[in-house]
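# Coordinate analysis (summary)
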Amino acid sequence: MDVKIEESWKEVLKHEFEKPYFLQIATHLKSEKMSGKTIYPPGSLIFNAFNTTPFSNLKVVLLGQDPYHGPGQAHGLSFSVQKGIPPPPSLINIFKELKSDLDIPIPNHGNLTHWAEQGVMLLNASLTVRANEPMSHAGIGWAEFTNAVIEKISTLKEHCVFLLWGKFAQEKQSLVDETRHLVLKAAHPSPFSADKGFFGCKHFSKANTWLESKGIAPIDWKLQNI
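Heads up: these notes are all about the structure in this document. As the structure is a computational prediction, the values presented were derived from the model and not from experiment.

A few words now on the pairing of strand β5 (residues 161-165). Of all five residues that make up β5, five are buried, and the element is covered over most of its length. Strand direction decides the pairing type here: strand β2 (residues 60-64) and β5, joined by three bridges, are parallel. Following the sheet pairing, Leu62 is matched in β5 by Leu163. As judged from the five bridges shared by β5 and strand β6 (residues 182-186), these two strands associate in the parallel manner. Within β6, the residue paired with Trp165 across the bridge is Ala186.

Turning next to the packing of helix α2 (residues 20-34) against helix α6 (residues 142-156). Interaxial distance between α2 and α6 falls to 9 Å at its minimum, and their mutual angle equals 130 degrees. By the criterion of interaxial angle, the relationship of α2 to α6 is oblique. For the crossing formed where α2 meets α6, the hand is left-handed. Between α2 and α6, the contacting residues are Tyr21, Phe22, Ile25 and Leu29 on the first element and Trp142, Glu144 and Phe145 on the second.

Let's shift gears to the pairing of strand β3 (residues 120-124). For β3, a buried count of five out of five residues is recorded, marking the element as mostly surrounded by other parts of the structure. Because side chains alternate across β3, one face comprises the buried residues Val120, Leu122 and Asn124, and the other comprises Met121 and Leu123, equally buried. As paired elements, β2 and β3 share five bridges and run parallel to each other. In the sheet register, Val61 faces β3, and the bridge partner there is Met121.

A separate point is α6. With 15 residues, α6 extends 21 Å between its outermost C-alpha atoms, agreeing within 8% with the 21 Å of an ideal straight helix rising 1.5 Å per residue. Within the span of α6, buried status applies to Trp142, Phe145, Thr146, Ala148, Val149, Ile150, Ile153 and Ser154. At its buried positions, α6 is contacted by α1 (7-13), α2, α3 (48-52), β2, β3 and β5.

Paired through backbone hydrogen bonds, the strands of a sheet run either parallel or antiparallel to each other. One open sheet accounts for four strands, arranged β3-β2-β5-β6; its pairing is parallel. Taken across any chain shown, the strands that pair with only one partner, and hence form the sheet edges, are β3 and β6. The mean inter-strand angle of the sheet, taken between neighbouring strand axes irrespective of direction, is 20 degrees. Its contacts with the sheet place helix α8 (residues 203-213) against β2, β5 and β6, and it is angled at close to 175 degrees to β6.

A word on the packing of aromatic side chains. One pass over the full model with this rule turns up 19 aromatic pairs. Between the aromatic rings of Trp115 and Phe204, the centroid separation amounts to 6.1 Å while the plane-to-plane angle is 55 degrees, which identifies the pairing as tilted. Remark: Phe204 occurs in helix α8 and Trp115 occurs in helix α5 (residues 113-117); sequence separation between them is 89 residues. Of the two residues, Trp115 and Phe204, both sit in the buried class. Ring centres of Phe204 and Trp221 lie 4.9 Å apart, and the angle between their planes is 75 degrees; on these two criteria the pair is classed as edge-to-face. Of this pair, Phe204 sits in helix α8 while Trp221 sits in the segment after α8, placing them 17 residues apart in sequence. The exposure class of Trp221 is buried, given its relative accessible area of 1%.

Here the focus is the side chain of Lys157. Among the secondary structure elements, Lys157 is positioned in the loop between α6 and β5. One buried charged side chain, Lys157, makes no salt bridge at all; its nearest oppositely charged neighbour is Glu158, positioned 10 Å away. Setting aside its immediate chain neighbours within four residues, Lys157 contacts Phe55, Ser56, Asn57, Leu58, Lys152, Arg180 and His181.

Cis peptide bonds are those with omega within 30 degrees of zero, and the linkage from Tyr40 to Pro41 qualifies with -10 degrees. Relative to the helices and strands, Pro41 is located in the loop between β1 (39-40) and α3. With a phi angle near 55 degrees, Asp103 is a residue other than glycine that sits in the positive phi range. Along the chain, Asp103 falls in the loop between α4 (89-102) and α5.

Turning next to the environment of His188. Tracing the backbone shows His188 in the loop between β6 and α8. Between the C-alpha atom of His188 and that of Ser90, which follows or precedes it by 98 residues, the distance is 8.0 Å. For His188, the contacting residues outside a window of four places in its chain are Phe79, Ser90, Trp165, Gly166, Ser193, Ala194 and Phe198. At a separation of 2.9 Å, a polar atom in the side chain of His188 contacts the main-chain amide nitrogen of Ser190.

Thresholds, definitions, all that
- Residues numbered from 1 in each chain as written.
- Predicted model: local features only at pLDDT ≥ 70, side-chain atom pairs only at ≥ 80, totals over all residues.
- Heavy atoms only, no water.
- Buried < 20%, exposed > 50% of the residue type's maximum accessible area, 1.4 Å probe, protein only.
- Helix = DSSP H or I, 4+ residues; strand = E, 2+ residues; numbered from the N terminus.
- Pairing = 2+ DSSP bridges.
- Axes fitted to C-alpha atoms, helices over the stretch in contact; angles between N-to-C directions.
- Parallel < 35°, antiparallel > 145°, perpendicular 65-115°, else oblique.
- Left-handed = near helix turned anticlockwise from the far one by under 90°.
- Contact = heavy atoms within 4.5 Å.
- Expected span 1.5 Å × (residues − 1).
- Phe/Tyr/Trp six-rings, centres within 6.5 Å; stacked < 30°, edge-to-face > 60°.
- Lys, Arg positive; Asp, Glu negative; His and termini not counted.
- Salt bridge = Lys/Arg side-chain N within 4 Å of Asp/Glu carboxyl O.
- Polar contact = N/O pair within 3.5 Å; in protein donor to acceptor, adjacent residues only side chain to side chain.

What follows is the structure in C-alpha cells.
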C-alpha cells in the first residue's frame with residue numbers, strides 16, 4: 001500500500017502498511033467518507049506527526065489519545081490546534097506547567113508545530129476521529145499501528161524521551177526499552193487531573209537535561225506569538 005508519508009518513516013514502517021489491519025483502517029475510512037461522515041483531521045494531515053518529525057530527527061515522543069473532534073482543531077499533532085483556534089483546556093494547562101517549569105511565556109495560540117520540527121513527535125494513539133464523536137476510531141486498528149510505531153522507535157532509536165501523561169499513555173510504557181530511553185510519567189493535563197501530579201512535574205526541563213546529558217541538543221519549548 002502506497003502511504004503518503006515522510007521517507008524515513010516510510011522505510012521504518014513499510015511492513016506495517018502491508019498488514020491486513022492497516023488495509024482495514026484504510027477501507028474503514030473510505031467507507032465512512034463515502035457515507036457522508038466528517039473525519040478529522042483532513043486526509044492530508046493524518047500523518048502530520050510523521051511528516052513534521054522525521055524518524056531521523058526524533059528526540060521526544062509526546063503521546064496523546066485521540067484527535068480533537070471539533071471543526072478546525074485537529075491537524076495531526078497531539079494536543080496541538082491550528083492557529084486561530086482557541087487552545088483547549090489541556091493545552092492551556094501544558095502551557096501553565098511550561099511557564100512554571102522554565103518561565104516560558106504562555107503563547108497566544110496553540111499550534112505546536114515548532115516543537116514537532118525540532119524532534120518532538122506529537123503522536124496520538126488514534127490518528128483519526130469522526131466529527132463530534134470522541135474515541136470513535138479507537139477500535140478500527142490505529143492502536144495496533146501506533147503501538148508498532150512506539151516499538152520501532154524503542155528498538156531502532158537511542159536516547160529518546162517518552163512523555164506519558166495520564167493512565168492511557170502510561171499503558172504504553174511496556175513498549176519502551178527503558179535501558180535505552182527515558183520515560184517520564186505524570187497525570188494527564190486535563191482540568192480533571194492536572195492538579196493530581198501534572199502541575200509541578202517539570203517534564204520539559206527534565207527532558208532537556210537528559211537529552212543534553214546524552215550529547216543531544218535540547219528542545220526550544222518557546223512558541224512565538226502570532
